[in-house]
Amino acid sequence: MKILVSNDDGIHSPGLLALAEVAAQFGEVMICAPDAEQSATGQAITITRPLAMHPVRSLAGFNAWRVNGTPSDCVALGLYKWGGADLVLSGINLGTNLGNDVWHSGTVAAAKQAVLLGVPGYAFSQAAGPDEPNYSQQKPHIAQVIEVLLGSQPAPRLANINLPPNPHGLRWTHQSVRAYNGKVVEAHDPMGRPHLWFSAIPLTSPDVNSDRWAYDNGYVSITPLRLDLTDDAALRNLNA
Ligand code: MN
């Protein structure tokens, strides 16, 4: 099995290497990741300038490439360069991608890009704290998730996985779409110039069996996703 590994935190993220090491248990691995952080770039692709793809020789012996583009660019170029793959894994993101994060996430977008190109894509994220995550502790859980997903009949094409710090089980979940405050904070830089930060902070508590609920309760959350955003209920209503 050919497994392409990408992320949105960049080629030097420790989470990328950890995911590649787990992927190597399942097949042949190629890494293709952004040369700089691309978090929260969503599904963006680069169309106004050419892209470059350079080999990276110092990534634990992996066949690794860096691209001056977005996660979606990396998946497209990686699949092109490798002549396709059987699976694309994205992450492990330094930070969770729960609920509405899915809209903004470059990590999830890389998996979505894989599905757009006909390859199953699974995105992995975990909490980011002041210390680097304990990957040796998390890796068996990631391997278990990949086993469970690939062993499902039929295997989901697209999945978003979030790992709490010390998981005690897996849960199939739905995306929690909560009201979000879209808070804008104004401040000043050291030169006195005004600047702004936009942050998306959830407002209400998560519903049971949602991704955030599972994460809050110490479970690995696995959310099968689809690309079709059609509001079926609204469509039925409009057609009635
Ligand atoms: Mn990220």
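**Student:** Honestly, a nonpolar patch on the surface in this entry has me stumped. Any pointers?
**Tutor:** A grouping of L116, L117 and L227 is seen on the molecular surface, where their side chains present a nonpolar patch of about 270 Å² in accessible area. Topologically, L227 is positioned in the loop between β11 (220-224) and α7 (232-239).

**Student:** How do you make sense of the coordination of the manganese ion when you look at a structure like this?
**Tutor:** Ideal geometry at a metal gives 109.5 degrees between four tetrahedral donors and either 90 or 180 degrees between six octahedral ones. Coordination sphere of the manganese ion, protein contribution only: D8 (OD), D9 (OD), S39 (OG) and N93 (OD1), at 2.1 to 2.3 Å. In the primary structure, the donors to the manganese ion are separated according to the pattern D-D-x29-S-x53-N. With D8 in the loop between β1 (2-6) and α1 (14-23) and N93 in strand β5 (residues 87-94), the pair connects residues that are 85 residues apart, well separated along the chain. Each member of the pair, D8 together with N93, is buried.

**Student:** How should the state of the cysteines be read in this particular structure?
**Tutor:** Linking two cysteines covalently via their sulfur atoms produces the bond known as a disulfide. According to the stated counting rule, one finds zero disulfides in the structure shown. The closest cysteine sulfur to the non-disulfide-bonded C32 is located on C74, 4.7 Å from its own sulfur.

**Student:** How should I be thinking about the nonpolar core in this particular structure?
**Tutor:** If you look at the biggest cluster of nonpolar residues, it comprises 32 residues, and the most contacted ones within it are V5, I31, L89, Y122, F124, I142 and I161. When residues of this core are traced back to their parent elements, those giving at least two are β1, α1, β2 (28-34), β5, β6 (121-126), α5 (135-151), β7 (158-163) and β11. The next biggest cluster of nonpolar side chains, apart from the first, holds 16 residues, and it includes M53, V67, V88 and V119.

**Student:** Is there a simple way to think about the pattern of salt bridges in this case?
**Tutor:** Side chains that carry opposite charge are capable of pairing whenever their charged atoms lie near each other. Here the structure, examined in full by the defined rule, presents three salt bridges. The partner of R193 in a salt bridge is D189, with the nearest N and O atoms 2.7 Å apart. Taking relative accessible area as the criterion, R193 reaches 47% and is therefore assigned partly exposed. Ionic pairing is found between D232 and R226, a salt bridge with its closest N-O pair at 3.7 Å.

**Student:** How do you make sense of the packing of aromatic side chains when you look at a structure like this?
**Tutor:** Counted under the stated rule, the structure contains one aromatic pair. Relative to Y219, the ring of W213 has its centre 6.2 Å away and its plane inclined at 25°; by these criteria the two rings are stacked. Positioned above the aromatic ring of W82, the side-chain terminus of K2 is 4.9 Å from the ring centre. If you follow R171 out to its NZ or CZ, it ends over the ring of Y219, 3.9 Å from the centre.

**Student:** Sorry if this is basic, but what is going on with helix α2 (residues 71-82) here?
**Tutor:** Because an α-helix packs 3.6 residues into every turn, residues spaced three or four apart end up facing the same way. Spanning 12 residues, α2 covers 16 Å between terminal C-alpha atoms, matching the ideal 16 Å at 1.5 Å per step. Along α2, nine of the 12 residues are buried, which leaves the element largely enclosed by surrounding structure. Within the sequence span of α2, burial applies to P71, S72, D73, C74, V75, L77, G78, L79 and W82. Buried residues in α2 make contact with β1, β2, β3 (53-56), β4 (63-67), β5 and α4 (106-116). Residue G83 follows α2 closely and has a positive phi angle near 70°.

**Student:** Would you explain the environment of W213 in this entry?
**Tutor:** Tracing the chain through its elements places W213 in helix α6 (residues 211-216). Counting along the chain gives 157 residues from W213 to V56, while the straight-line C-alpha distance between them is 39 Å. When neighbours within four sequence positions are excluded, W213 is seen to be in contact with R171, P206, D207, V208 and Y219.

Cut-offs used in this document
In this convention, every chain numbers its residues from 1, walking through the sequence in written order. Local features in a predicted model are, by the rule used here, given only for residues with pLDDT of at least 70; side-chain atom pairs are given and counted only at 80 or more, and totals for whole chains, interfaces and linings are based on all residues. Heavy atoms from the whole structure form the basis of all side-chain values; hydrogens and water molecules are not counted. Each patch is built from residues that are more than 30% exposed by relative accessible area and take part in no salt bridge. Like charges join if they lie within 9 Å; nonpolar side chains (Val, Leu, Ile, Met, Phe, Trp, Tyr) join within 5 Å. What sets the accessible areas is the Shrake-Rupley method with a 1.4 Å probe; for residues, cover comes only from the shown protein chains. Salt bridges, as used here, are contacts in which a Lys or Arg side-chain nitrogen is within 4 Å of a carboxyl oxygen on Asp or Glu. Numbering goes from the N terminus for both helices and strands, where a helix is a DSSP run of H or I of at least four residues and a strand is a run of E of at least two. Because water is not among the atoms used, a metal site may look incomplete, as its donors are only the N, O and S atoms within 2.8 Å, or 3.2 Å for Na, K and Ca. Burial status follows relative accessibility: with a 1.4 Å probe on protein chains alone, a residue under 20% of its type maximum counts as buried, one over 50% as exposed, and anything between as partly exposed. By convention in this document, the label disulfide applies to cysteine sulfur atom pairs within 2.5 Å. Side-chain atoms within 4.5 Å link the members of a nonpolar core, which is a set of buried Ala, Val, Leu, Ile, Met, Phe, Trp, Tyr and Cys residues. Any two of the Phe, Tyr and Trp rings considered here, Trp counted by its six-membered ring, make a pair once their centres fall within 6.5 Å; the pair's planes then place it as stacked at under 30 degrees, edge-to-face at over 60, or tilted in between. Two conditions define a charge located above a ring, namely a distance within 6 Å from the ring centre to NZ of Lys or CZ of Arg, and an angle within 35 degrees of the ring normal. One less than the number of residues in a helix, times 1.5 Å, gives the span that helix is expected to have. Residue contacts are counted whenever heavy atoms from the two residues lie within 4.5 Å of one another.

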